[in-house]
Every structure is written in structure tokens, then in C-alpha cells.
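Fold and geometry: a report
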Amino acid sequence: MPPPDLLDERETSILRWRCRRGLLENDIFIERFFQVHGQRVSQEQAYGLTLLMNLPDNDLLALFLRRTEPTDELDVPQVHAVLELIRQRPPGGLPS
């Protein structure tokens, strides 16, 4: 059983399914997040991801690419923390 602040396997699977997007570029960022962090997604990260998934695809991509920063209801620590993880360069130094 995972620590109390981490999602269990079923919760992570549901979150991952809910994060599927219509824009391939967003899916690439999100898939990379789950590949690196999927075994240890916290409740706080899940909340941040859920808030981000309420955005239209183009607005979400702008955040991922640092073209914009979170404002209003998205300007919360959970969203900033998830964005920081998503924006990190992938392992191996490949371009993001």
C-alpha cells in the first residue's frame, strides 16, 4: 500500500486516463510526466493536474512551453509544482 499522501495504482490509472488530451503535444508532456513520476504521484500533484486538465488544449500547451504562467485559480502551489515537473528536460538530455 502506498504512503497516505500518494495515489494508489488504481487512482493513478484513473488520473492518467483523465489527463488524455486532443492535442498530441500535450499528450507527450503528460505521458513523460507519468513515465517519470507515475509511481509516486501525490494527492497535491493530482490536484494540480486536475486543475490543469480543465484548460483548453492550446492554453495548456502555452503553460507547458512557458509561453504563459498560471493566473487566477491556477496560480496555486500545486499547479506550479506540477508544471515544474512537466517542464523538466527528459532524462538523457533530449530536448523538451
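The numbers attached to residues start from 1 for each chain and follow its sequence in the written order. For a predicted model such as this one, the threshold for reporting local features is a pLDDT of at least 70, and the threshold for listing and counting side-chain atom pairs is 80 or more; totals across whole chains, interfaces and linings nevertheless cover every residue. The side-chain numbers reported here are obtained from all heavy atoms of the structure, hydrogens and water having been left aside.

Considerations on the side chain of Gln45
- Checked against the element boundaries, Gln45 lands in helix α3 (residues 43–53).
- The exposure class of Gln45 is buried, given its relative accessible area of 15%.
- In contact with Gln45, not counting residues within four places along its chain, are Arg40, Val82 and Leu85. Under the DSSP-based scheme used, a helix requires at least four consecutive residues in state H or I and a strand at least two consecutive residues in state E, with every element numbered from the N terminus. Each residue is placed in one exposure class: buried if its accessible area under a 1.4 Å probe, protein chains only, is under 20% of its type's maximum, exposed if it is over 50%, and partly exposed if it falls in between. Between two residues, a contact is recorded if the distance between any of their heavy atoms is within 4.5 Å.

Structural notes on unusual backbone geometry
- Positive phi values are uncommon outside glycine, yet Arg66 reaches one of about 65°.
- Assignment of secondary structure puts Arg66 in the loop between α4 (57–64) and α5 (77–87).
- Despite not being glycine, Asp72 has its phi angle at roughly 50°, a positive value.
- Examined against the element boundaries, Asp72 turns out to sit in the loop between α4 and α5.

Thoughts on the packing of aromatic side chains
- Aromatic pairs are defined between Phe, Tyr and Trp rings, using the six-membered ring for Trp, whenever the two ring centres lie within 6.5 Å; interplanar angles under 30 degrees are classed as stacked, those over 60 as edge-to-face, and all others as tilted. Considering all chains together, one arrives at two aromatic pairs under this definition.
- Each ring, one from Phe33 and one from Phe34, has its centre 5.3 Å from the other, and the planes form 85°; the classification is edge-to-face. Here Phe33 matches Phe34 in class, with each residue buried.

Function cannot be read off these values alone, since they describe shape.
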